[in-house]
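Descriptive structure summary
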Amino acid sequence: MEIHEAGGGIHFTVKHTKEASEEKLYQSFTQRLGNFSKFGTTFVECKSGYGLEWQTEHKMLRVITKAKREFKSINISSTYLAHAVPKNTSAKELTQDIVENQIPTMRNLIMSKEIDVDNIDVFCEKGVFDVNQTERILKKALESIQGIQINFHSNELFPLNSVEMAVRLGSKAVSHLEEISDSEIELMAKSETVGILLPTTAIIMQLKRPPARKMLNSGCIMALGSDFNPNAYCYAMPMIMNYACVDLRLSMNEALVAATLNSAFALGVEKTRGSIEVGKCADLVIIDSQRWENIIYQMGAHSNLIKYVFVNGNIVHQKE
């Protein structure tokens, strides 16, 4: 948070995102999507959040929507993210703007089919949006946009007890959870809200690790994500699964399910994605190994192991 308050971190990326043209953003975005595909990802959640005001957020959502509709090597779930508070603005003022202006505008653009938005995320954190402000934004989105799903930042740096609100609102997922409490784990275990753990972020930022084993043993639904952003620049889900096993003490079977079927459930696409079943889309990764576990165990060897990547039954990557 010290870097953030000093104008670095999110604010540094915001400056460059504002300055970039839509064409430049699309070019860099699709290049990154291609890298995800090459390393075995077939479905990815992509977020705005580096505009902090509507004009740039709208630009990012247009870029994501264009890729979702045109880029065929990977499937995309699009997320609007209320990520930080601009300088010379208060969280209260920004919350008011999001509720009164940004969400209604976004609803109209979705209805006119200019943009696609599947999920809403808020950085619920001390020094950003508090629990009440987060709930106000999420409720407005639920009331305004048909079918939108909640998937927000929760308990990353400080214990704010935001999981209670997530469960009460029927959130599809909450992410990070480094500071989740025992009572919140109990609540989550009784719900269908998915806890998305992001191993690279905890390692890079040297954060307290989320209590993954306690969550699993209590019956929580757990997914894994890369949290790909300028702070955690990792394309490869095999690396994320390895970290989940080594650092968070998941078994390889648990890591596989968390990175596939449970991740699909967290994005509301489990009926068509996330597992190999009759009637589901053929999103497949074929590896050159006698044991599937090697995609996790052989750390950093995924480029050599991945032979084919299929999306919707089509080969989108083939090892040379």
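It should be noted that the structure appears before, not after, this text.
Residues numbered from 1 in each chain as written. Predicted model: local features only at pLDDT ≥ 70, side-chain atom pairs only at ≥ 80, totals over all residues. Heavy atoms only, no water.

**So, unusual backbone geometry**
- With a phi close to 55°, Gln206 is a non-glycine residue in the positive phi region.
- Inspection of the secondary structure assignment puts Gln206 in the loop between α9 (199–204) and α10 (212–218).
- In the Ramachandran plot, Asp227 falls in the positive-phi region, its phi being about 55° despite a non-glycine side chain.
- Tracing the backbone through its elements, the reader meets Asp227 in the loop between β7 (221–224) and α11 (237–248). (Helix = DSSP H or I, 4+ residues; strand = E, 2+ residues; numbered from the N terminus.)

**A look at the packing of aromatic side chains**
- Inspection of the entire model under this criterion finds 7 aromatic pairs.
- Residues Phe36 and Tyr235 carry aromatic rings whose centres are separated by 5.2 Å and whose planes lie at 80° to one another, so their mutual orientation is edge-to-face. Of this pair, Phe36 sits in helix α3 (residues 22–38) while Tyr235 sits in the loop between β7 and α11, and the two are 199 residues apart along the sequence. The two residues Phe36 and Tyr235 agree in class, both being buried.
- Between Tyr233 and Tyr235, the ring centres sit 5.6 Å apart and the planes meet at 85°, which makes this aromatic pair edge-to-face.
- Among the residues examined, Tyr233 registers a relative accessible area of 48% and is labelled partly exposed.
- Through a chain of ring-to-ring contacts, three or more aromatic side chains come together here, namely Phe36, Phe39, Phe228, Tyr233 and Tyr235. (Phe/Tyr/Trp six-rings, centres within 6.5 Å; stacked < 30°, edge-to-face > 60°. Buried < 20%, exposed > 50% of the residue type's maximum accessible area, 1.4 Å probe, protein only.)

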